[in-house]
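Summary of structural features
Spelled out, the chains give:
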Amino acid sequence: EGGMNFFDWQYTWEIFPLMMQASIKTIYITLIGYVIALVLGLFLAMARRSAYRWLAFPATGVIEFIRSTPLLIQVYFIFYVLPNYGLNISATQAGIIGIGLHYACYTAEVYRSGFNGIPTGQWEAIKALNIPGRAAYLDIIFPQVIRPVVPALGNYFIAMFKDTPVLSAITVVEIMQEAKNIGSENFRYLEPITLVGCFFLTISIVLAILFNKIEKKVALP
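Report follows, based on the coordinates. Keep in mind the model is a prediction, meaning the values are calculated, not measured. (Residues numbered from 1 in each chain as written. Predicted model: local features only at pLDDT ≥ 70, side-chain atom pairs only at ≥ 80, totals over all residues. Heavy atoms only, no water.)

Here we look at the overall build of the protein
The condition is simple: Going along the chain from the N terminus, every DSSP run of H or I of four or more residues is numbered as a helix, and every run of E of two or more is numbered as a strand. Burial here depends on accessible area, computed with a 1.4 Å probe over protein chains only, as a share of the maximum for the residue type. Under 20% is buried, over 50% is exposed, and the range in between is partly exposed. In this description, contact between two residues means that some pair of their heavy atoms is separated by no more than 4.5 Å. Per-residue and other accessible areas were derived by the Shrake-Rupley procedure at a 1.4 Å probe size, with only the shown protein chains allowed to occlude residues. The positive count covers Lys and Arg only, the negative count covers Asp and Glu only, and His and the chain ends enter neither. Here the site of a charge means NZ on Lys, CZ on Arg, CG on Asp, or CD on Glu.
From N to C terminus, the protein includes eight helices and zero strands. Its helices and strands taken in sequence order, the protein reads α-α-α-α-α-α-α-α from the N to the C terminus. Taking the principal axes of the C-alpha coordinates as reference, the protein spans close to 80 × 50 × 25 Å. Of all 221 residues assigned to the protein, the portion counted as buried reaches 38%. For the protein, restricting intrachain contacts to residue pairs at least 6 apart in sequence, the fraction spanning at least 24 positions comes to 79%. When the accessible surface of the protein is split by element, carbon and sulfur atoms take 68% of a total near 12700 Å². Between the centroid of the 15 positive side chains of the protein and the centroid of its 13 negative side chains there is a distance of 16 Å.

Side note on helix H3 (residues 71-81)
Note the following rule: Relevant arc is that of directions from the helix axis to the C-beta atoms, nothing else.
Burial in H3 covers these residues: Leu71, Gln74, Val75, Ile78 and Phe79. Burial along H3 is one-sided: seen end-on, the buried residues are contained in an arc of 115°. Summarising the contacts, the buried residues of H3 are in contact with helix H2 (53-68), helix H4 (91-116) and helix H6 (133-163).

Comments concerning the side chain of threonine 30
To be explicit about the condition: The definition of a polar contact used here is a pair of N or O atoms within 3.5 Å, where within protein one atom must be able to donate a hydrogen and the other to accept one, and adjacent residues in sequence count solely through side-chain atom pairs.
Mapped onto the elements, threonine 30 comes out in helix H1 (residues 9-49). Of the residues examined, threonine 30 reaches a relative accessible area of 1% and is grouped as buried. Separated by 2.8 Å, the side chain of threonine 30 and the backbone oxygen of threonine 26 make a polar contact. Discounting residues that sit within four places of it in the chain, threonine 30 has contacts with Phe157, Met160, Phe161 and Thr164.

Quick word on the packing of aromatic side chains
Inclusion rule: Stacked, tilted and edge-to-face are the three classes applied to pairs of Phe, Tyr and Trp rings, where Trp contributes its six-membered ring and a pair requires centres within 6.5 Å; stacked means planes under 30 degrees apart, edge-to-face means over 60, and tilted covers the rest.
Applying the stated rule across the entire model yields 14 aromatic pairs. Cluster of aromatic residues (ring-pair linked, three or more members): Tyr34, Phe157 and Phe211.

What to know about the packing of H1 against helix H7 (residues 175-186)
For any two helices packed against each other, one specifies the inter-axial angle together with the distance between the axes. Our working definition: The axes are straight lines fitted to the C-alpha atoms, using for helices just the contacting stretch, and the angles between their N-to-C directions are given from 0 to 180°. By the definition adopted for this analysis, an angle is roughly parallel if under 35 degrees, roughly antiparallel if over 145, roughly perpendicular if from 65 to 115, and oblique otherwise. In a left-handed crossing the near helix is turned counterclockwise from the far helix by less than a right angle, and in a right-handed crossing that turn is clockwise.
Their axes nearest at 8 Å, the elements H1 and H7 cross at an angle of 150°. As far as their axial angle goes, H7 and H1 are roughly antiparallel. In the packing of H1 onto H7, the handedness of the crossing is right-handed. Mapping the contact onto sequence places Tyr11, Ile15, Leu18, Met19, Ala22, Ser23 and Thr26 in H1 and Ile175, Glu178, Ala179, Ile182 and Asn186 in H7.

Describing the nonpolar core
One broad rule of soluble globular proteins: the nonpolar side chains tend to lie buried together. Filter applied, for reference: Joining through side-chain atoms within 4.5 Å is the link that ties buried Ala, Val, Leu, Ile, Met, Phe, Trp, Tyr and Cys residues into a set, and such a set is a nonpolar core.
By size, the foremost hydrophobic cluster in this structure holds 52 residues, and its most contacted members are Met19, Phe115, Ile175 and Val196. When residues of this core are assigned to their parent elements, the largest contribution, twelve residues, is made by H4. With residues near it in sequence (within four places) discarded, valine 196 still touches Met19, Ile175, Met176 and Ala179.

What to know about the pattern of salt bridges
Short version of the rule: Counted as salt bridges are all cases of a side-chain nitrogen of Lys or Arg within 4 Å of a carboxyl oxygen of Asp or Glu.
Across all of its chains, the model carries four salt bridges by this definition. Taking the shortest distance from any N to any O, the salt bridge between glutamate 64 and arginine 48 comes out at 3.0 Å. Of this pair, glutamate 64 sits in helix H2 while arginine 48 sits in helix H1, and the two are 16 residues apart along the sequence. Look at glutamate 64 and you get partly exposed, because its relative accessible area is 34%. A salt bridge links glutamate 191 to arginine 188; its shortest N-O distance comes to 2.6 Å. The pair glutamate 191 / arginine 188 is uniform in exposure class, with both members buried. A network of salt bridges, in which partner residues are shared, links Arg48, Glu64, Glu109 and Arg112.

Put into structure tokens, the structure is as follows:
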């Protein structure tokens, strides 16, 4: 075997299929977590803006608490502490819930800025015209909220994707954990870790281009 600093292409090719399998799992975790973050974030934002204090206070508390503590501690808590209280879930499920909840608190703030951008006159007009709440939100408010916040939501998707290696701490075999496993079996870390770097770089660039296109699509002419 050559020196450790020599890049072994044959070895890279051998471990490539394993790394690809782990990369699919990484993408899957990100996608499901993101759907949770988008939906839950919207509910949290609406709860935080609510006129009912019993709803607004807890929502604000949850958002601020989760945004002020590291994702690592949150996933540890879900996976290692909650089972003592009867919540038994797999590492992957704990990872998805953890990352989804964490980013929901960030998307909530993004939505909130969107809501805050709506002129007061519009809310008053909705009241004056007696438009029912659901129709008001779906037809008038949401389309205006979503447009300006698409770039920020896109950035959080990329950030969330780059945060998936944190889940290796709770034994989720995403791409980083797979690289560590392969590295420790073969005592060669250069190739698997390089593949991880290439993977994150490639997907992040693809996502940035994709969100850029979506942004242009939803932008006002």
